[in-house]
Amino acid sequence: MNPAELPFDLEDMLKGLRVWVECESPTWDANAVNSMLDLAARDMQIMGATIERIAGRQGFGGCIRARFPHPKFGEPGILIAGHMDTVHPIGTIEKLKWRRDGERCYGPAICDMKGGNYLSLEAIRQLMRISYTTPLPITVLFTPDEEVGTPSTRDIIEAEAARNKYVLVPEPGSANNGVTSGRYAIARFNLETIGRPSHSGATLSNGRSAIREMAKKIVQIDEMTGPDCTFSVGIVHGGQWVNCVASSCTGEALSMAKRQEDLDKGVERMLALSGTENDVQFKVTRGVTRPVWEPSAATMALFEKAKAINAGLGLPELTHGSKGGGSDGNFTGAMGIPTLDGLGVHGADMHTLNEYIIAQSLVDRGRLMAGLLATLD
């Protein structure tokens with residue numbers, strides 16, 4: 001089977017992907033995420049997959065696990081792992097409407113990562129249409145909470161990965177026709193300052209502003225960034241009335257490092273910031289963490305197979321590397337399971353109101369995915 005000869009149809013793929021992109025699914029809207037999962041489940045049921053719904057928890061949507069017909073059904077095979085939650089709130093589709101502009105196609109979460117998820121199903125669909133039996137059975141797992149660190153489904157992802165020989169993650173591809181063979185370690189933190197309220201007009205000096213102290217801590221945290229570990233505060237909420245000295249303020253911070261020991265040191269530095277200054281208490285608590293995933297020999301062997309398939313498609317040379325940003329590949333790669341990430345579409349401006357894909361990459365990466373599914377054993 002030559003994946004270059006599979007009749008992928010770009011216009012048909014864009015038509016199907018548009019339905020997914022226009023079904024908005026921000027992480028914290030469980031009903032919206034479940035609606036997106038319903039669409040994917042319907043598509044895969046039509047393809048003949050056995051669909052299992054896994055209830056959500058912690059306020060998140062659920063998961064869907066799809067197993068495709070195979071003579072070795074139930075044996076270790078290939079897991080395709082993707083997330084259906086996005087960072088874009090409901091209504092973004094009115095600001096970032098689906099549109100095609102030359103080689104680009106725009107829409108919320110089209111690149112991260114609905115495009116990659118969709119091309120993965122199209123790859124399976126193409127192989128089924130020619131009645132090609134892959135050496136290994138295929139399982140698809142779509143989850144609801146990757147954009148906030150995968151707090152509710154890490155155990156499901158790791159358990160499913162442990163049942164399989166390979167994990168393929170269709171997160172966006174990297175520049176220079178790249179895929180991802182490793183991921184940096186990431187830790188999240190919850191921040192809180194507790195001050196003392198007072199009337200900001202009549203008795204300003206009696207108060208102790210939680211916002212003011214949080215602002216000082218934000219600068220301190222950002223300045224902790226160095227070559228081995230980065231720190232940033234991305235969310236802040238504080239105060240209730242402008243005529244009242246704020247007694248509380250909350251925030252969220254993120255730290256990233258290429259090596260696990262550097263992240264561990266960074267975590268210690270962050271937690272050590274807790275304490276009281278100027279009669280304001282500052283609390284730092286650790287949130288979800290993604291372990292570092294360093295390329296193993298098995299992952300590199302998987303990359304070499306992908307590189308050979310890519311060469312057969314006549315595409316620019318496939319490259320690889322470790323990168324930040326985090327994905328659920330952090331978990332499966334750290335488990336020692338051969339994992340290849342960044343197998344999704346090419347595009348740019350993820351998480352912004354200019355997010356787009358290079359439309360042709362749906363077909364190019366779809367063929368690469370089909371080639372992997374057809375040859376991994």
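For the structure itself, look to the data block above.
Predicted model, so just to flag it, every value in this text is computed and none were measured. (Residues numbered from 1 in each chain as written. Predicted model: local features only at pLDDT ≥ 70, side-chain atom pairs only at ≥ 80, totals over all residues. Heavy atoms only, no water.)

Novice: For this particular structure, what's the right way to read helix α8 (residues 297-312)?
Specialist: Along an α-helix, residues three or four positions apart point the same way, because every turn accommodates 3.6 residues. For α8, spanning 16 residues, the distance from its first C-alpha to its last is 23 Å, which sits close to the expected 22 Å at 1.5 Å a residue. Every buried residue belonging to α8 is among Thr299, Leu302, Phe303, Ala306, Ile309 and Asn310, and all of these are buried. Taken around the axis of α8, the buried residues stretch over an arc of 120 degrees, which confines them to a single face. Facing away from the buried side of α8, by more than 90 degrees, are the exposed residues Ala297, Ala308, Ala311 and Gly312. Those residues of α8 that are buried are in contact with β7 (166-168), β8 (178-183), β14 (319-323), β15 (339-340) and α10 (360-375). At the C-terminal side of α8, Gly314 shows a positive phi close to 75 degrees. (Helix = DSSP H or I, 4+ residues; strand = E, 2+ residues; numbered from the N terminus. Expected span 1.5 Å × (residues − 1). Buried < 20%, exposed > 50% of the residue type's maximum accessible area, 1.4 Å probe, protein only. Arc of directions from axis to C-beta. Contact = heavy atoms within 4.5 Å.)

Novice: Would you mind showing me how to read the side chain of Asn164 here?
Specialist: Here Asn164 lies in the loop between α5 (154-162) and β7. In terms of polar contacts, Asn164 uses its side chain to reach the backbone amide nitrogen of Gly77, at 3.2 Å. Look past the residues within four positions of Asn164 in its chain and what remains in contact with it is Pro76, Gly77, Ile78, Leu79, Thr139 and Ile337. (Polar contact = N/O pair within 3.5 Å; in protein donor to acceptor, adjacent residues only side chain to side chain.)

Novice: Help me understand the nonpolar core in this model?
Specialist: The tendency in soluble globular proteins is for nonpolar side chains to be buried side by side. Met44, Leu168 and Leu373 are the most contacted members of the largest nonpolar core, which has 60 residues in total. Sequence-distant contacts of Met44, defined by excluding residues within four places in its chain, comprise Ala49, Ile51, Ile64, Ala66, Phe68, Leu121, Val140 and Phe142. With 22 residues, the next largest nonpolar core counts Ala187, Ile221, Ala257 and Val284 among its residues. (Core = buried A, V, L, I, M, F, W, Y, C linked by side-chain atoms within 4.5 Å.)

Novice: What exactly am I supposed to notice about the pattern of salt bridges here?
Specialist: Side chains bearing opposite charge may pair, as long as their charged atoms lie close to each other. Within the structure shown, the criterion is met by 23 salt bridges. In this structure, Arg290 engages Glu146 in a salt bridge whose closest nitrogen and oxygen atoms are separated by 3.5 Å. Here Glu146 lies in the loop between β6 (138-143) and α5 and Arg290 lies in strand β13 (residues 280-290), a separation of 144 residues in the sequence. Here Arg290 and Glu146 have matching classes, each one buried. (Salt bridge = Lys/Arg side-chain N within 4 Å of Asp/Glu carboxyl O.)

Novice: Would you take a moment to explain the sheet that holds strand β4 (residues 99-101) for this structure?
Specialist: Strand pairing in a sheet relies on backbone hydrogen bonds, with the paired strands running either antiparallel or parallel. Spatially, β4-β5-β17-β16 is the arrangement adopted by the 4 strands of the open sheet, whose pairing is antiparallel. Strands with a single pairing partner mark the edges of an open sheet, and in this sheet they are β4 and β16 (347-348). With 3 bridges joining them, β4 and strand β5 (residues 104-106) adopt antiparallel strand pairing. When the sheet's bridge partners are listed, Arg100 is paired in β5 with Cys105. (Pairing = 2+ DSSP bridges.)

Novice: How should I be thinking about the layout of surface pockets in this particular structure?
Specialist: To find leftover empty space, one rolls a probe the size of a water molecule over the atoms. Space inside the largest pocket adds up to approximately 1100 Å³. Around the largest pocket, the lining comprises 40 residues; the ones closest to its centre are Glu147, Val148, Arg188, Leu254 and His351. Breaking the lining of the largest pocket down by element, the ones donating at least two residues are β9 (185-194), β10 (229-238), β11 (248-257) and β13. Class assignment of the residues belonging to the lining of the largest pocket gives a composition of 16 nonpolar, 15 polar and 9 charged. In this structure, the second largest pocket occupies an estimated 380 Å³ of space. For the second largest pocket, the lining is made up of 17 residues, of which Asp12, Gly16, Tyr118, Glu122 and Arg125 are closest to its centre. In terms of residue count, the dominant contributor to the lining of the second largest pocket is helix α1 (residues 10-21) (6 residues). Across the lining of the second largest pocket, the residue classes tally to 7 nonpolar, 2 polar and 8 charged. (1 Å grid on protein atoms, 1.4 Å probe; cavity = no way out; pocket = protein on both sides within 12 Å on 5 of 7 lines; lining within 4 Å. Points joined across faces, edges and corners; volume = space filled by probe spheres on them. Nonpolar A, V, L, I, M, F, W, Y, C, P; charged D, E, K, R; others polar.)

Novice: Can you walk me through unusual backbone geometry in this structure?
Specialist: Glycine aside, negative phi is the norm for most residues, and most peptide bonds take the trans geometry. In this structure, the amide linkage connecting Asp112 to the following residue, Met113, adopts the cis form with an omega of -5 degrees. On the secondary structure map, Met113 appears in helix α4 (residues 110-129). A positive phi angle, close to 60 degrees, is found at Gln58, a residue other than glycine. As for its position among the elements, Gln58 is in the loop between β1 (50-54) and β2 (63-67). The residue Asn176 is not glycine, and still its phi comes out positive at about 60 degrees. Of note, Asn176 is situated in the loop between β7 and β8. Its relative accessible area of 65% is what places Asn176 among the exposed residues.

Novice: Would you take a moment to explain the side chain of Thr143 for this structure?
Specialist: Within the element layout of this structure, Thr143 appears in strand β6. Overall, the relative accessible area of 1% leaves Thr143 in the buried class. Not counting residues up to four positions away in its chain, the partners in contact with Thr143 are Gly62, Cys63, Gly82, His83, Met84, Asp85, Thr153, Ile157 and Asp328.

Novice: Teacher, can you tell me more about the packing of aromatic side chains here?
Specialist: Here the distance between the centres and the angle between the planes together describe a pair of aromatic rings. Per the stated rule, a full pass over the model turns up 4 aromatic pairs. Seen from their ring centres, Trp20 and Phe142 are 6.4 Å apart, and the 85 degrees between their planes marks the pair as edge-to-face. Highlighted residues: Trp20 in helix α1 and Phe142 in strand β6, separated in sequence by 122 residues. The burial state of Trp20 is the same as that of Phe142; both residues are buried. A cation over an aromatic ring shows up here: Arg99 above the ring of Tyr106, its NZ or CZ 3.7 Å from the ring centre. Between Arg104 and the ring centre of Tyr356, over which it is positioned, the NZ or CZ distance is 4.0 Å. (Phe/Tyr/Trp six-rings, centres within 6.5 Å; stacked < 30°, edge-to-face > 60°. Lys NZ or Arg CZ within 6 Å of the ring centre and 35° of its normal.)

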